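Each chain, letter by letter, is given below.
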Amino acid sequence: MSGDGDNGGGIGGAAGDGARDRAGMTQGARDAAGSDAGMDTGADAGSRAGAGTGVDTGVDAGADTGTAARLQKLFEGHRLTPTQRRIAHCMVRRAADAPFLSSVELAELAGVSQPSVTRFAVALGFDGYPALRRHLREVAPTEKPGDTGSYNEYQQAVQAEIDNLRHLAAALADPSPVIEAGRLFAASRPLPVLGLRAATAQAAGFSYFARKVHPDVRLLDEGGTMLTDRIDAAVRAGASALLCFALPRHPREVVDALEYARTAGLTVVTVADSAFAPVAHHTDLLLPAAVGTGLAFDTACAPMLLGRVLLEAMCDALPDAQARLEEFDARAAARGLFVE
């Protein structure tokens, strides 16, 4: 599907929202902010790690994706508290290291207490953390991987984003969730697109291009009491689905808005940084795409690219999409809109 070439958009992240104090940010906070399992189609996705395709989308560069998948399978089906999900998330991201970490080390990486790690192991059905670690060593590679290189801080951030994109590509080996999302968007008239704070850029970028092929796209990029009014207006106008971009840090308003949207009868599709994200419980179709957490502000190349993939799927489901694009190109040329 060809576009008009006006490829604005870019890496999502609003100044002030992803900001962290470099001196005070722990490694655990970085690990807990990333992404994890493959595309999940259950509204209860947040209560189970790795449900869906089993392909991890936020494992650290160099980690064994097979080990990550086994960890996700281990967590699947267990009701975990938010703290326990944070530990699980950290273990998935550090899949290659997980079998070798002590409870103290894991607690530090995840930003939780050591007793929380013990309770986490018990919640999974083990006598304690030592038993969990023994199990991981039995099913994981026996040797801890070595250093992946001597990259500087900036190179490491780029390499992490490249790795996030690789895992997104692996998740898309099963295109059915994206195809289903495209059909939902094409059928929804209007189509509301929600993104607040750090996710505003992702929602705006999707909406900009979607308007070229979809007859009625409504960007919801401002919170406050008007947000529910705008959802109500979309429902009255005939909307049947809502697309949400949800990135860290997750605003409470987004969670509340998704809960309200589902109550109003909308099918909610969410692009989130993780299947552990707070929005998972209020989503009908969750599409994870990892964010990079190695810099002071999160980077969101994978969510941006997933948004473009969703646009393609929506175009495929709209019979007149190509004609609309060609009409726009003709008008743009007549107006001299773009510099050749």
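What comes next concerns the included structure. Every value quoted in this text rests on a predicted model; they were computed, and no experiment measured them.

Here we look at the overall build of the protein
Then comes step 1: If you tally the helices and strands in the protein, you get 13 helices and five strands.
Then comes step 2: Out of the 340 residues in the protein, the part that is buried amounts to 49%.
Then comes step 3: Summarising the internal contacts of the protein: among those between residues at least 6 apart in sequence, 73% fall at separations of at least 24.
Then comes step 4: As presented, the protein carries roughly 14900 Å² of accessible surface, and 51% of it is formed by carbon and sulfur atoms.

Digging into the environment of lysine 212
Then comes step 1: When you line up the elements, lysine 212 lands in the loop between α9 (200-210) and β2 (217-220).
Then comes step 2: A distance of 3.5 Å separates polar atoms of two side chains, one belonging to lysine 212 and the other to tyrosine 208.

Quick word on unusual backbone geometry
Then comes step 1: Following arginine 189, the chain continues into proline 190 via a peptide bond in cis, with omega recorded as 10°.
Then comes step 2: Its identity as a non-glycine residue notwithstanding, arginine 197 has a phi of 55°, on the positive side.
Then comes step 3: Tracing the sequence through the fold places arginine 197 in the loop between β1 (191-194) and α9.

A few points about helix α3 (residues 82-93)
Then comes step 1: With 12 residues, α3 should reach 16 Å at 1.5 Å per residue; the first-to-last C-alpha distance of 16 Å fits that figure.
Then comes step 2: Most of α3 sits out of view: nine of its 12 residues are buried.
Then comes step 3: For α3, the set of buried residues is Gln84, Arg85, Ile87, Ala88, His89, Cys90, Met91, Val92 and Arg93.

Notes on the pairing of strand β3 (residues 241-246)
Then comes step 1: By the criterion of burial, β3 is predominantly enclosed, with six of the six residues buried.
Then comes step 2: Here β3 shows no split at all, with Ala241, Leu243 and Phe245 on one side and Leu242, Cys244 and Ala246 on the other all buried.
Then comes step 3: Where β1 and β3 come together, two bridges link them in parallel fashion. Residue pairing in the sheet places leucine 194 in a bridge with cysteine 244 of β3.
Then comes step 4: Here β3 pairs with strand β4 (residues 267-272) via six bridges, running parallel.

Each value, and the rule that gives it
- Residues numbered from 1 in each chain as written.
- Predicted model: local features only at pLDDT ≥ 70, side-chain atom pairs only at ≥ 80, totals over all residues.
- Heavy atoms only, no water.
- Helix = DSSP H or I, 4+ residues; strand = E, 2+ residues; numbered from the N terminus.
- Buried < 20%, exposed > 50% of the residue type's maximum accessible area, 1.4 Å probe, protein only.
- Contact = heavy atoms within 4.5 Å.
- Areas by Shrake-Rupley, 256 points an atom, 1.4 Å probe, with all protein chains shown as cover.
- Polar contact = N/O pair within 3.5 Å; in protein donor to acceptor, adjacent residues only side chain to side chain.
- Expected span 1.5 Å × (residues − 1).
- Pairing = 2+ DSSP bridges.

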